[in-house]
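# Descriptive analysis of the structure
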Amino acid sequence: MTPRLFDSKTLLLTMIISIASGKGGTGKTTVATNLAFAIGKAHILDCDVEEPNSHIFIKPEITSKSPVYIPVPEIDKSKCDFCGKCAEVCAYKAIAVLKTDVLVFKELCHGCGACEYFCQKKAIKEVNRTIGYIETGEKGDLLFTGGKLNIGEAMAAPLIKEVKNRVKLQMTNIIDAPPGTSCSMIEAVTASDFCVLVTEPTPFGLNDMILSVEVLRKLHIPFGVIINRSDLGDDKTVTYCEKENIPIIMKIPFDKNIAMAYSQGKSIIEALPEYKQKFIALYEDLKERIE
Amino acid sequence: MKLCITSQGDNLESQIDTRFGRCQYFIIADSETLEFEAVKNPNIDGMGGVGIQSGQLMSEKEVKVVLTGNVGPNAFQTLQAAKVDIITGISGTVKEVIEKYKTGELKPVEKPSVDSNFGKK
Ligand code: SF4
Ligand code: SF4
């Protein structure tokens, strides 16, 4: 867990709450954005870099956009003696050393720098490869940072790391994590003070949620569950949470007004103002659990 | 001519393995004498980049022709750079493949036969 950071004068707390889900389409972004709106003054970070959609609901005014690179090796064949060391040390198998040639498969390279470090002949230099970009913006008191991975690009984790480097101190940071339990999800939720798992009460939803629970337990991140469309499934999710001692911190029953608002890019709070209080209560509950 | 046939077993009677990067064995054989070496694929359980590593192995072993079922784009690129001919779509036992190769019926391919990560599925 990250150390708690206090500002001596204002006693404002830096808080990182990540919103994750076992699979896509459970309402993760809905929870993330409505929580942000309810808090009012918060920073939302869209780490679902393959399919970012928080901005659709936040509608921030974008103030900056910058590319994100990872360093990939470039081989100077006039210095190389084809010893094979670089291919041997590359954990991602991104290099092939042949008798008289070295091939770098840039799209497999994670930019770790090991090959350059181990090349005795100094034949490797690093060049930048763009993997996506980061946008920042504002909407009233809300701050927005979002990452977008280039189409067809596989290196989500380094971009997510860049987005997370922009966590703001003395503020509540809400991370919209990628769905599932990939290394991107792990990168996104790591170091959060609390993770909110959004799920649906269906057999598939439960199955994927259990995988997320296992990951969060390994990472030692405290978490709770929000059951979305809570009246449209069975009670197995609730039974599971009770048995496993996992707090259910909110239930959102199905409401066609919520579905309609979502399809129009509106927040629940806009469509059903009574939800503002519910999300504020959720925030208070989260704060208590974190402290 | 030094050939490499991807195989499910470690001898000439074994059935061929249709995957290149993730085959069980590489049978590296001399097409004239039928002398061979069976190399257990060191990359079989790799997370990714197995075609590239297996391609590099072909270069190390100075193989001239690879005979297999399918080759993905990364392995293809590596083998091409290593000046290894690639013959795909073979079937039968290793021995049958070598014999068929010697008749001159089998022609090298010019492009990968499958997408990345094919052998994983
Ligand atoms: S480690 Fe350096 S010298 Fe050796 S093959 Fe790689 S680039 Fe060439
Ligand atoms: S930087 Fe790391 S991942 Fe990229 S080729 Fe070099 S060793 Fe492999």
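Residues numbered from 1 in each chain as written. Chains lettered and ligands numbered in written order. Predicted model: local features only at pLDDT ≥ 70, side-chain atom pairs only at ≥ 80, totals over all residues. Heavy atoms only, no water.

## Some details on the overall build of chain A
Counting secondary structure elements, chain A contains eleven helices and eleven strands. Its C-alpha atoms give chain A principal-axis dimensions of about 70 × 45 × 40 Å. Counting only residues that meet the buried cut, chain A has 49% of its 291 residues in that class. Excluding contacts between residues fewer than 6 apart, the proportion of contacts in chain A whose partners are at least 24 apart in sequence is 73%. (Helix = DSSP H or I, 4+ residues; strand = E, 2+ residues; numbered from the N terminus. Buried < 20%, exposed > 50% of the residue type's maximum accessible area, 1.4 Å probe, protein only. Contact = heavy atoms within 4.5 Å.)

## Observations regarding the interface of chain B and chain A
Taken together, the contact pairs 14 residues of chain B with twelve residues of chain A. Roughly 1,000 Å² of surface becomes buried between chain B and chain A when both sides are summed, with 59% attributable to carbon and sulfur atoms. In terms of surface lost to chain A, no three residues of chain B exceed I52, Q53 and Q56 of chain B, which account for 38% of the buried area on that side. The interface formed by chain B and chain A contains one salt bridge. For the salt bridge of E62 of chain B with K99 of chain A, the shortest nitrogen-to-oxygen distance reads 3.8 Å. Where chain B touches chain A, the interface holds four residue pairs in polar contact (both at pLDDT 80 or more). Sorting the residues of the side of chain B that touches chain A by element identifies α1 (50–60) and α2 (73–81) of chain B as the ones contributing at least two each. Element by element, the count of residues in the side of chain B that touches chain A is highest for α1 of chain B, at six residues. Grouping the amino acids of the side of chain B that touches chain A by side-chain chemistry returns three nonpolar, nine polar and two charged. (Buried area = accessible area lost by both parts, 1.4 Å probe. Salt bridge = Lys/Arg side-chain N within 4 Å of Asp/Glu carboxyl O. Polar contact = N/O pair within 3.5 Å; in protein donor to acceptor, adjacent residues only side chain to side chain. Nonpolar A, V, L, I, M, F, W, Y, C, P; charged D, E, K, R; others polar.)

## A few points about the pattern of salt bridges
Residue and element names in this part refer to chain A. Following the criterion strictly, the structure yields 17 salt bridges over all chains and no others. With a closest N to O distance of 3.2 Å, K28 and D48 form a salt bridge. Residue K28 is located in helix α1 (residues 28–39), and its partner D48 is located in the loop between β2 (43–46) and α2 (54–58); the two are separated by 20 residues in the primary sequence. Here K28 and D48 have matching classes, each one buried.

## Things to note about the packing of aromatic side chains
Residues and elements named next belong to chain A. Enumeration over the complete set of coordinates arrives at four aromatic pairs over all chains. A centroid spacing of 5.1 Å and a plane angle of 85° characterise the contact between Y117 and F118, whose relative ring orientation is edge-to-face. Residue Y117 is classed as exposed on the basis of its relative accessible area, which comes to 68%. On the basis of relative accessible area, F118 is assigned to the partly exposed category, the value being 37%. (Phe/Tyr/Trp six-rings, centres within 6.5 Å; stacked < 30°, edge-to-face > 60°.)

## As for the sheet that holds β2 of chain A
Residue and element names in this part refer to chain A. Spatially, nine strands are ordered β3-β6-β7-β2-β8-β1-β9-β10-β11 in an open sheet, and the strand pairing comes out mixed. Strands at the two margins of the open sheet, each flanked by one partner only, are β3 (61–75) and β11 (248–252). Along the sheet, successive strands turn relative to each other by an average axial angle of 20°, direction set aside. Sheet analysis places strand β1 (residues 15–21) next to strand β8 (residues 172–176), joined by five bridges and oriented parallel. The residue of β8 that forms the bridge with S18 is I175. (Pairing = 2+ DSSP bridges. Axes fitted to C-alpha atoms, helices over the stretch in contact; angles between N-to-C directions.)

## What to know about the pairing of β1 of chain A
Residue and element names in this part refer to chain A. Among the seven residues that make up β1, seven are buried, leaving the element largely enclosed by the rest of the structure. On β1, burial covers both faces: M15, I17, I19 and S21 on one face and I16, S18 and A20 on the other are all buried. Note that β1 and strand β9 (residues 194–199) share five bridges and pair parallel. Each bridged residue has a counterpart across the sheet, and for S18 the counterpart in β9 is C195.

## Side note on α2 of chain B
Within the sequence span of α2 of chain B, burial applies to N74, A75, F76, T78 and L79 of chain B. Lining the buried residues of α2 of chain B we find β4 (95–97) and β5 (102–104) of chain A together with α1, β4 (65–67) and β5 (85–87) of chain B.

## Some thoughts on the nonpolar core
Residues and elements named next belong to chain A. With 38 residues, the main nonpolar core has V189, L197, M209 and L216 as its most contacted residues. With sequence-adjacent residues up to four places away left out, V189 is seen in contact with S18, A20, K164, A177, C195, L216, L219 and I221. Of all hydrophobic cores here, the second largest spans 33 residues; its members include I39, V198, I226 and L282. (Core = buried A, V, L, I, M, F, W, Y, C linked by side-chain atoms within 4.5 Å.)

## Quick look at the packing of α1 of chain A against helix α11 (residues 274–290) of chain A
Residue and element names in this part refer to chain A. At a closest axis distance of 9 Å, the pairing of α1 and α11 adopts a crossing angle of 90°. Here α1 is positioned roughly perpendicular relative to α11, judged by the angle of their axes. Note on element contacts: α11 touches α1 through K276, F279, I280, L282, Y283 and L286, opposite V31, N34, L35, A38 and I39. A breakdown of the residues in the contact of α1 with α11 according to their chemical character gives nine nonpolar, one polar and one charged. (Parallel < 35°, antiparallel > 145°, perpendicular 65-115°, else oblique.)

## Section: the domain arrangement of chain A
Segmenting chain A into domains produces domain 1 (15–68 + 132–290) and domain 2 (77–122). A separation of 39 Å is found between the C-alpha centroids of domain 1 of chain A and domain 2 of chain A. (Domains from an automatic or database assignment.)

## Quick notes on the sheet that holds strand β1 (residues 2–7) of chain B
What links the strands of a sheet is backbone hydrogen bonding, and the strands pair in either a parallel or an antiparallel sense. Residue and element names in this part refer to chain B. Overall, mixed pairing links the five strands, which are arranged β3-β2-β1-β4-β5 in an open sheet. With partners counted over all chains shown, the strands left at the sheet margins are β3 (36–40) and β5, one partner each. Within the sheet, the average angular offset between the axes of one strand and its neighbour, ignoring direction, is 20°. Across three bridges, the pairing between β4 and β5 is parallel. Counterpart to V66 in the pairing with β5 is I86. Docked against the sheet, helix α3 (residues 94–102) engages β1, β2 (25–30), β4 and β5, running at close to 140° with respect to β1.

## Observations regarding the site of ligand 1
Near ligand 1, the surroundings consist of I75, C80, D81, F82, C83, G84, K85, C86, V97, C119, K121 and I124 of chain A. Of the residues that constitute the shell around ligand 1, the class distribution is eight nonpolar, one polar and three charged. (Near = heavy atom within 4 Å.)

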